[in-house]
Structure formats: structure tokens, C-alpha cells
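Chain by chain, the residues run as shown.
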Amino acid sequence: MTSKFEYKLLIHSAAQIIQVADSGQNVAIGKNMRLLPTIQGNADDGCCLVIDYKGKFAAIGLNSEIKSAYGDRCEEWYDATGQSVVPGLVDGHTHTVWAGDRVHEFAMKLEGATYMDIHNAGGGIHSTVQSILKASEDELYTLFKSRLLQLLKSGVTLVECKSGYGVDFQSELKLLRVINRGLRDPEVKSDISVTYCGAHAVPRGKTAKEATEDILTNQIPKLKELCDKGELHIDNIDVFCEKGVFEVEDTKAILKAGQSAGWKLNFHAEEFVRLHSVEMGAELNATAMSHLEEISDEGIKAMAEKGCVATILPTTAYLLHLKPPPVRKMIEEGVPVALGTDFNPNAYCLSMPFVMNLACVTMGMTMNETLAAATLNSAASLNMSANHGSIEVGKVADAVIVDSPRWQHLVYQMGSTQPTIKHVIKSGQFVYSRE
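Here the structure is a predicted model, which is why all the values come from computation and not from measurement.

Student: Got a minute to help me understand the sheet that holds strand β14 (residues 309-312) in this structure?
Tutor: Strands belonging to one sheet form pairs held by backbone hydrogen bonds; the direction of such a pair is parallel or antiparallel. Spatial ordering of the open sheet is given by β8-β9-β10-β11-β12-β13-β14-β15, a layout of 8 strands whose pairing is parallel. Edge positions in the open sheet fall to β8 (89-91) and β15 (337-339), since each of these has one partner strand only. Strand-to-strand, the axes of this sheet are offset by a mean angle of 25°, without reference to chain direction. The pairing of β14 with β15 spans 3 bridges and is classified as parallel. Residue Thr311 lies in a different strand from β15, and its bridge partner there is Ala338. Contacting β9 (156-162) and β10 (191-199), helix α6 (residues 169-184) crosses the sheet at an angle of about 175° to β10. On the sheet, helix α13 (residues 352-363) packs against β8, β9, β14 and β15 and is oriented at approximately 80° with respect to β8.

See the structure below:
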């Protein structure tokens with residue numbers, strides 16, 4: 001049956017709409033991370049947007065411009081009086097498929113143990129690998145799906161999800177199948193960018209060279225074959241490039257093989273020890289690199305020159321007492337800065353608004369900068385900002401309706417999104433509404 005309406009939804013009378021971009025920009029850099037395009041309402045004229053039946057933004061402006069032109073052509077109306085609208089948030093770095101927990105390691109860290117102390121003693125990633133071996137795909141999927149829902153409730157409409165706790169081929173394939181199941185599940189409302197991270201840890205009993213050889217000659221070829229057959233989908237490849245894990249040459253070989261398979265490069269770099277892996281990543285035209293606590297000045301310049309996105313993970317630096325990455329210098333030198341929760345057993349955080357608050361307090365970012373980082377730039381880190389990350393005509397209609405006339409309450413009200421997020425909209429559908 002053909003609808004008599006041309007458009008699905010009209011949201012009207014909002015106090016403000018923060019577009020983040022309004023001219024088709026794929027990233028925000030430098031001062032443009034602070035000067036976000038905004039439609040500001042007043043007592044006489046609120047803000048308005050229209051969403052079409054394809055789930056795309058069709059019109060954006062003031063009530064006086066939009067309501068008369070589109071009002072009677074829209075099937076649904078939503079009155080956003082006293083509320084503000086921002087783009088759907090994008091979590092650019094997560095490890096969402098795992099079982100068990102590592103709460104005992106949190107206690108160890110409080111007593112002075114470092115991340116690598118625990119890793120080298122057989123804990124950390126190795127501990128979670130053992131839990132993965134014992135868990136079924138159904139058990140892992142139940143956990144994965146519940147985490148995606150929690151992210152959605154905190155405003156996340158696009159999320160990057162990694163494998164990485166399998167290490168061997170069969171276990172990595174199990175994790176990738178779990179993530180791919182989320183792509184097909186109509187109950188999962190978020191868009192997912194799938195990352196293969198087989199080089200997350202060196203398996204027990206193997207050297208880094210042996211692990212690298214297995215990834216190059218066994219895992220990547222088999223995964224590519226499955227992708228070519230349409231049985232699996234992978235967007236990105238990741239490597240934990242770190243001293244004592246996968247160092248620069250091994251990382252480079254794995255990334256190049258992934259690139260040849262058609263996957264974007266999006267990897268862990270310069271977290272604990274400066275290896276100049278960023279310069280290598282820039283040379284390979286990596287889409288994004290994460291962590292970056294130990295990045296060099298030369299690395300910052302290389303990222304700016306190549307347009308590589310820096311995905312900053314405030315939860316990890318906070319929990320591990322690491323020095324913060326030089327975010328201000330990155331922004332000043334023109335590096336696109338993105339944000340991610342780094343959700344994993346070591347950093348159990350499923351709230352992008354909390355990450356934005358941490359980025360303000362511990363890394364000197366402004367609230368506007370964190371919004372650009374958590375939307376457009378995080379989408380760019382996944383090579384998806386052409387269609388996601390800002391409120392622009394023609395883009396996917398993902399949005400968060402904040403229950404305040406000032407969107408900044410999303411960041412200001414630290415630690416809980418429940419009072420601030422009124423609705424989450426995904427592709428024009430209300431997918432979460434606060435009771």
C-alpha cells in the first residue's frame with residue numbers, strides 16, 4: 001500500500017540542532033572541531049528536521065522554514081520543545097565479543113601491577129582467550145548483543161567491533177561469525193564496522209615470528225576466501241603493535257596482507273613504548289591508529305600529512321595511569337581526532353558520553369571537540385563519514401535527542417546517560433526511548 005505521505009518524520013521546535021558538518025566534510029580538523037555548524041532556535045522559532053522513508057535526512061532548518069514546506073507531507077511529528085539534537089554517536093574502537101571477566105586484574109592494577117606485567121604473567125588477553133575457548137557462539141552472541149544494546153542506549157548508532165580474543169584461526173573465525181551475526185539480526189539496530197584483530201596477542205608456545213607467519217599464510221588467506229564467497233564480512237584489520245607483542249616489521253607485514261585482502265588499516269599504535277609504528281602506518285596510508293600515548297612529533301606530522309585519524313581512548317589511559325596522548329598538539333597540527341570507548345575486559349565502559357567527559361577533563365579537549373570526535377571523526381576512522389557522523393541532507397538519519405535545550409548536558413552530566421538521553425534515532429526510527 002502506497003503511503004499518502006512523502007516523508008516519514010518531522011522533528012520540530014528543538015532548541016538547537018548540532019549538525020557537526022554542513023558542507024559534506026568527511027572529517028573535522030583544527031579549529032573546525034570547535035566551530036560546529038549549529039541551527040539555533042529562539043523563543044519564537046525552534047529548529048526542525050525532516051527524515052524520509054529511506055531513513056535519510058531530507059531537510060534541516062528552522063520551524064519557519066521547514067514546517068510550512070514539509071509539515072503536511074510528513075507521516076509523523078515529534079515535538080522537541082526544550083530539547084536538542086546531535087548526530088548519533090560513533091564508537092570507533094571496541095572489543096565487544098568476549099566471555100568471563102578480569103575483575104581480579106583490576107585489583108592487581110590497584111596494587112601496582114602494570115598491563116604488561118599481567119600480560120607477561122599469562123593474564124590479560126591470554127586469560128580472556130581461555131574463556132573464549134570454553135564459550136559457545138550462542139553464549140558469545142548473547143553477551144555481544146546485550147553490549148550493543150547498552151551502547152545504543154548511550155547514543156551509539158555506529159560501532160566498530162573487533163575480534164582478537166581467539167588468536168588461533170578457528171577461535172578468531174568464531175568471534176568474527178558472532179559479529180557478522182549482529183549484521184544480520186534485525187533486533188540489532190546499530191550499524192557495525194567489522195575488524196579482524198588476529199594479531200592481538202602472541203599465542204602461548206609461539207614466537208611473534210611464528211604467530212605472524214600463521215596470520216600471513218593461514219588466517220588471512222582463509223578469511224579472505226570466506227569473504228570472497230560472501231560467507232563472512234570484514235571491513236578493517238587491526239594489530240596490537242607493541243614491544244614484546246607484534247613489533248613494527250611484523251605489524252607492517254600483517255597490515256599489508258590485510259590491505260591486499262581489501263581491508264582498511266585501523267590498528268593499535270604507540271600505547272606503551274614508542275616504536276615509531278605511527279610513521280609506518282602513515283606510510284601505508286592507514287585509515288586510523290588508536291591509543292597513541294607515546295606518539296612522536298614526527299608521527300603527529302605524518303598523520304596530519306596523510307589524513308590518518310587518531311582514535312583516542314581515554315578510558316585506557318585513565319585506568320592504566322598512562323600519560324595522556326598529546327591530543328592538543330594533534331588537533332593544533334591538523335590530525336583528525338576521534339574517540340572510542342575501548343570497551344574490553346580491561347576497560348569496562350559502554351558509555352561514549354562518559355568517554356567524552358574524560359577526554360575533556362584528562363586530555364584538555366573542549367566539549368565541541370569531543371562531539372566532533374565522537375561523531376564525524378569516529379565515522380571517518382571507519383571510512384564511513386560520507387554517510388554517517390553529521391546531520392546533513394542525504395546522510396543516514398542517526399540522531400540523539402538530548403533532554404535539555406543545551407546539548408552539552410550529554411557530556412556535563414557525568415557518569416549516567418539516563419537523565420540526558422530522551423531518544424535515540426537510527427535510520428529515521430526511534431530505537432530507544434527513555435521511559
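Okay, back to it.
Student: It is not clear to me how helix α4 (residues 125-134) should be interpreted in this structure. Could you clarify?
Tutor: Side chains that are three or four residues apart share a direction in an α-helix, a result of its 3.6 residues per turn. For α4, the set of buried residues is Ile125, His126, Thr128, Val129 and Ile132. Buried positions in α4, seen along its axis, are confined to an arc of 160° and lie on one side of it. Packed against the buried residues of α4 are α3 (115-120), α5 (137-153) and α6.

Student: Where do I start with the sheet that holds strand β1 (residues 7-14) in this structure?
Tutor: In spatial order, the strands read β5-β4-β1-β6; together these 4 strands make up an open sheet with mixed pairing. With one partner strand each, in any of the chains shown, β5 (57-62) and β6 (74-79) form the two edges of the open sheet. Taking the axes of each pair of neighbouring strands and ignoring which way they run, one obtains an average angle of 15° across the sheet. The pairing of β1 with strand β4 (residues 47-52) spans 5 bridges and is classified as antiparallel. Each residue of the ladder has a partner; that of Leu10, found in β4, is Val50. The strands that helix α1 (residues 63-70) touches are β1, β4, β5 and β6; relative to β5, the one it contacts most, it runs at about 135°.

Student: Would you take a moment to explain the pattern of salt bridges for this structure?
Tutor: Side-chain pairs of opposite charge can arise whenever the charged atoms involved come near each other. Enumeration over the complete set of coordinates arrives at 19 salt bridges. Among the ionic pairs, Glu369 bridges to Arg34, the shortest N-O distance being 3.6 Å. Of this pair, Glu369 sits in helix α14 (residues 367-373) while Arg34 sits in the loop between β2 (16-18) and β3 (38-40), placing them 335 residues apart in sequence. In this structure Arg34 comes out as partly exposed when scored by relative accessible area, which is 37%. Among the salt bridges present, the one from Lys162 reaches Glu160, with a minimum N-O distance of 2.7 Å. The pair formed by Lys162 and Glu160 is uniform in burial state, with each residue classed as buried. The network of salt bridges with shared partners includes Arg34, Arg328 and Glu369.

Student: How do you make sense of the packing of helix α7 (residues 208-228) against helix α8 (residues 248-260) when you look at a structure like this?
Tutor: When two helices pack together, their arrangement is given by the angle between the helix axes and by the axis-to-axis distance. Two numbers describe how α7 lies on α8: the axes approach to 10 Å, and their chain directions differ by 5°. Relative to α8, the element α7 is oriented roughly parallel. When α7 is examined against α8, the residues Ala208, Lys209, Thr212, Ile215, Leu216, Ile220 and Lys224 are found in contact with a partner set consisting of Asp250, Ala253, Ile254, Ala257, Gly258 and Ser260. In terms of residue class, the contact of α7 with α8 is made up of 7 nonpolar, 3 polar and 3 charged.

Student: Sorry, what's going on with the environment of Glu172 here?
Tutor: Inspection of the secondary structure assignment puts Glu172 in helix α6. For the pair Glu172 and Tyr70, spaced 102 residues apart in sequence, the C-alpha to C-alpha distance is 49 Å. Discounting chain neighbours no more than four positions away, the residues touching Glu172 are Ser163, Gly164, Tyr165, Gly166, Val167, Tyr196, Cys197, Gly198 and Gln219. Polar contacts involving the side chain of Glu172 include one to the main-chain amide nitrogen of Gly166, which spans 2.8 Å.

Student: What is the right way to look at the side chain of Thr420 in this model?
Tutor: Here Thr420 shows up in the loop between α16 (409-412) and β17 (421-426). Overall, the relative accessible area of 2% leaves Thr420 in the buried class. In this structure, Thr420 is in contact with Ile401, Val402, Asp403, His409, Leu410, Gln413 and Arg434, ignoring residues within four places of it in sequence.

Student: I would appreciate a short explanation of the pairing of β9 in the present structure.
Tutor: Each regular strand displays side chains that alternate between the two surfaces of the sheet. Most of β9 sits inside the fold, with 7 of its 7 residues counted as buried. In this sheet, β9 lies alongside β8 in parallel orientation, the contact comprising 3 bridges. When the bridges of β9 are listed, Val90 appears paired with Leu158. In the sheet, β9 pairs with β10 via 5 bridges, with the strands oriented parallel.

Rules used in this analysis
- Residues numbered from 1 in each chain as written.
- Predicted model: local features only at pLDDT ≥ 70, side-chain atom pairs only at ≥ 80, totals over all residues.
- Heavy atoms only, no water.
- Pairing = 2+ DSSP bridges.
- Helix = DSSP H or I, 4+ residues; strand = E, 2+ residues; numbered from the N terminus.
- Axes fitted to C-alpha atoms, helices over the stretch in contact; angles between N-to-C directions.
- Contact = heavy atoms within 4.5 Å.
- Buried < 20%, exposed > 50% of the residue type's maximum accessible area, 1.4 Å probe, protein only.
- Arc of directions from axis to C-beta.
- Salt bridge = Lys/Arg side-chain N within 4 Å of Asp/Glu carboxyl O.
- Parallel < 35°, antiparallel > 145°, perpendicular 65-115°, else oblique.
- Nonpolar A, V, L, I, M, F, W, Y, C, P; charged D, E, K, R; others polar.
- Polar contact = N/O pair within 3.5 Å; in protein donor to acceptor, adjacent residues only side chain to side chain.

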